[in-house]
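Structure assessment
Spelled out from the first residue to the last, the chains are:
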Amino acid sequence: MSAALTPTGILETVLYARDLDAAEAFYRDALGLTPFSKAPGRHVFYRCGNAVFLIFNPDVTAVPPKPGALPVPPHGAA
């Protein structure tokens, strides 16, 4: 692999969890992380150095956005 193609960092890391309260408690208690953004039932976001760690509820993010909302395409994991 060419050195020009070797990653020098990761901008975002995403995990999916249906129980965001449990996920938040785990990352708070195990790693001492504090969310910088939360939408109850939808997501919890953390800063980790220069990167961002995102946790989404896959059931909610699989639904297309409502008219006038941010045009974030549906996504999720099963």
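None of the values given here were measured: they were computed from a predicted structure. Think of each chain on its own: its residues are numbered from 1, step by step along the sequence as written. In keeping with the predicted nature of the model, local features appear solely for residues at pLDDT of at least 70, side-chain atom pairs appear and are counted solely at 80 or more, and the whole-chain, interface and lining totals rest on all residues. Excluded from the side-chain calculation are hydrogens and water; included are all heavy atoms of the structure.

**Some details on the sheet that holds strand 2 (residues 37-39)**
Read across the open sheet, the four strands follow the order 1-4-3-2; overall the sheet is mixed. This sheet does not close on itself; its edge strands, each paired only once, are strand 1 (12-16) and strand 2. Averaged over all pairs of adjacent strands, the angle between strand axes in this sheet comes to 15 degrees, irrespective of strand direction. Taken together, the three bridges between strand 2 and strand 3 (residues 43-48) define a ladder with antiparallel strand orientation. Within the sheet, the bridge partner assigned to A39 lies in strand 3 and is H43. DSSP calls a pair of strands paired once it identifies at least 2 bridges connecting them. Numbering of helices and strands runs from the N terminus, with a helix taken as a DSSP run of H or I at least four residues long and a strand as a DSSP run of E at least two residues long. Axis definition: a line fitted to C-alpha atoms, limited for helices to the stretch in contact. Angles are taken between N-to-C directions and run from 0 to 180 degrees.

**Considering the pattern of salt bridges**
Salt-bridge detection follows one rule: a side-chain nitrogen of Lys or Arg within 4 Å of a carboxyl oxygen of Asp or Glu. Taken as a whole, this structure holds three salt bridges when the rule is applied. A salt bridge links D59 to R18, with the nearest nitrogen and oxygen atoms 2.8 Å apart. Here D59, found in helix 2 (residues 58-61), pairs with R18, found in the loop between strand 1 and helix 1 (20-31); they are 41 residues apart in sequence, far enough to count as distant. Each residue gets one of three labels from its accessible area relative to the maximum for its type: buried under 20%, exposed over 50%, partly exposed in between, using a 1.4 Å probe on protein chains only. Judged by relative accessible area, which is 44%, D59 ranks as partly exposed. For R18, a relative accessible area of 54% puts it in the exposed group. For K38, the salt bridge goes to E24, with nearest N and O atoms at 3.2 Å. With a gap of 14 residues between them, K38 in strand 2 and E24 in helix 1 connect regions that are remote in the sequence.

Such coordinate-based values are descriptive only and should not be taken to indicate function.
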